[in-house]
Amino acid sequence: MMSILLAVAANVVAATPSVELPWFSFDDYPLDAIRAEAEGTSEFEVVIAPNGSPVSCAITRSSGQKLLDRRACEVAMRRARFSPARNAGLQPVYGAYRSQIQWTIDLDTWRQVGPAPMWQITLNRLPAGGRFPMYVEYAVEVDSAGRATNCAPVLPDFPTLATSSCAMLLKDLPAMPLATTNGNVPGVRSLWVAYST
């Protein structure tokens, strides 16, 4: 049964940016925040429509500065565009993409970076060629209640690890609905997993 499920799930595709990163420039730093020397990291999630355009943005971890958090979502909504997520039937569906912007007045450390891992898996050892810490992105299809129904690695470098990890994610992930202004919708989430000992 599990091998049939994973064979079907192999077609699940996460939304990917079609506009090159970074979307932000130092010019996006709010002047009031610069004057106040306000700094911090805004983690955010963009929900993407089946046509690849962003429909909503939410802060998933605040920088501690409302002005910086608000600007992070404003810029993401204005500049981000995506190749849409696709479900197991390869139909375009809603997707979710996470990123973070490190707001710092020091130009040498200011940057947009990928998301922090959302799930941790502990292993005794990695497959040949892997090194700790290791991060792998998965495309996880969810229903309108946010329950995981399918899973596939974005880059299937370690198929045995991906098979066991997907089985674990399908079983153990908490509900993570995709919220739009019209309510929750089924779609595909991009989920980063951190592997450690």
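Refer to the structure presented above.
Residues numbered from 1 in each chain as written. Predicted model: local features only at pLDDT ≥ 70, side-chain atom pairs only at ≥ 80, totals over all residues. Heavy atoms only, no water.

**Q** Just checking my understanding: could you explain the side chain of Ser99 for this structure?
**A** On the secondary structure map, Ser99 appears in strand β6 (residues 92-103). In this structure the side chain of Ser99 is engaged in a polar contact, spanning 2.9 Å, whose partner is the backbone oxygen of Val113. When neighbours within four sequence positions are excluded, Ser99 is seen to be in contact with Ser42, Glu43, Phe44, Gln112, Val113, Gly114 and Pro115. (Helix = DSSP H or I, 4+ residues; strand = E, 2+ residues; numbered from the N terminus. Polar contact = N/O pair within 3.5 Å; in protein donor to acceptor, adjacent residues only side chain to side chain. Contact = heavy atoms within 4.5 Å.)

**Q** Explain helix α4 (residues 159-172) to me, please; I cannot follow it from the model alone.
**A** Here α4 is 14 residues long and its end C-alpha atoms lie 20 Å apart, about the 20 Å a rise of 1.5 Å per residue gives. Listed as buried for α4 are Leu161, Ala162, Ser165, Cys166, Leu169 and Leu170. An end-on view of α4 places all buried positions within 155° of arc, on one side of the element. Away from its buried face, by an angle of more than 90 degrees, α4 presents the exposed residues Thr160 and Lys171. (Expected span 1.5 Å × (residues − 1). Buried < 20%, exposed > 50% of the residue type's maximum accessible area, 1.4 Å probe, protein only. Arc of directions from axis to C-beta.)

**Q** Looking at this structure, I do not really get unusual backbone geometry. What am I missing?
**A** Only a minority of non-glycine residues have a phi that is not negative, and only a minority of peptide bonds are not trans. Of note in this structure, Glu37 is not a glycine but carries a positive phi near 55°. Mapped onto the elements, Glu37 comes out in the loop between α2 (31-35) and β2 (40-48). Backbone geometry at Leu90 places phi at a positive 65°, although glycine is not the residue there. Checked against the element boundaries, Leu90 lands in the loop between β5 (85-86) and β6.

**Q** Whenever I open this one, the environment of Ser83 confuses me. Can you help?
**A** Following the sequence through the fold, Ser83 ends up in strand β4 (residues 82-83). Spatially, the C-alpha atom of Ser83 lies 9.7 Å from that of Gly95, the residues being 12 residues apart in sequence. Sequence-distant contacts of Ser83, that is, excluding residues within four places in its chain, are made with Ala15, Thr16 and Ser18.

**Q** What am I meant to see in a negative patch on the surface here?
**A** Side chains of Glu37, Glu39, Asp106 and Asp108 sit close together on the surface and give a patch of like negative charge. Here Glu37 falls in the exposed class, since its relative accessible area comes to 63%. (Patch = residues over 30% accessible without salt bridge, like charges linked within 9 Å, V, L, I, M, F, W, Y side chains within 5 Å. Areas by Shrake-Rupley, 256 points an atom, 1.4 Å probe, with all protein chains shown as cover. Salt bridge = Lys/Arg side-chain N within 4 Å of Asp/Glu carboxyl O. Lys, Arg positive; Asp, Glu negative; His and termini not counted. Charge placed at Lys NZ, Arg CZ, Asp CG, Glu CD.)

**Q** What exactly am I supposed to notice about the packing of aromatic side chains here?
**A** Any aromatic ring pair is given by two values, namely how distant the centres are and how the planes are angled relative to each other. By the definition in use, this model includes eight aromatic pairs. When the centroid spacing of 5.8 Å and the interplanar angle of 80° are considered together, the rings of Trp23 and Phe82 count as edge-to-face. Here Trp23 is found in the loop between β1 (16-17) and α2, whereas its partner Phe82 is found in strand β4, with 59 residues between them in sequence. Seen from their ring centres, Phe82 and Tyr97 are 5.4 Å apart, and the 55° between their planes marks the pair as tilted. A residue pair is termed long-range when its members are at least 10 positions apart, and Phe82 in strand β4 and Tyr97 in strand β6 qualify at 15 residues. Three or more aromatic residues joined by ring pairs make a cluster, and in this case those are Trp23, Phe24, Phe26, Tyr29, Phe44, Phe82, Tyr97 and Trp103. (Phe/Tyr/Trp six-rings, centres within 6.5 Å; stacked < 30°, edge-to-face > 60°.)

**Q** Just to check I follow, could you spell out the nonpolar core for this structure?
**A** For soluble globular proteins, the rule of thumb is that nonpolar side chains tend to be buried together. By size, the foremost hydrophobic cluster in this structure holds 28 residues, and its most contacted members are Trp23, Phe24, Phe44, Phe82, Ile101 and Trp103. Residue assignment for this core shows that the elements contributing at least two residues are β2, α3 (66-79) and β6. With five residues, α3 is the single largest residue contributor to this core. Each residue touching Phe24, except ones within four places of it in the same chain, is listed here: Phe44, Arg71, Ala72, Val75, Ala76, Arg79, Ile101, Trp103, Trp110 and Gln112. Membership of the second largest hydrophobic core comes to 23 residues, among which are Cys151, Cys166, Leu191 and Tyr195. (Core = buried A, V, L, I, M, F, W, Y, C linked by side-chain atoms within 4.5 Å.)

**Q** Which parts of the structure should I look at to understand the state of the cysteines?
**A** Chemically, a disulfide is nothing more than a covalent bond linking the sulfur atoms of two cysteines. Inspection of the entire model under this criterion finds two disulfides. Each disulfide pairs two cysteine sulfurs, and for Cys57 the partner residue is Cys73, the sulfurs being separated by 2.1 Å. Judged by the sign of its S-S torsion, about -70°, the bond between Cys57 and Cys73 is left-handed. Taken together, the positions of Cys57 in strand β3 (residues 54-61) and Cys73 in helix α3 put the pair 16 residues apart, joining distant regions of the chain. Ordering the disulfide-forming cysteines of the protein by sequence position, one finds them joined as 1-2, 3-4. (Disulfide = S-S within 2.5 Å.)

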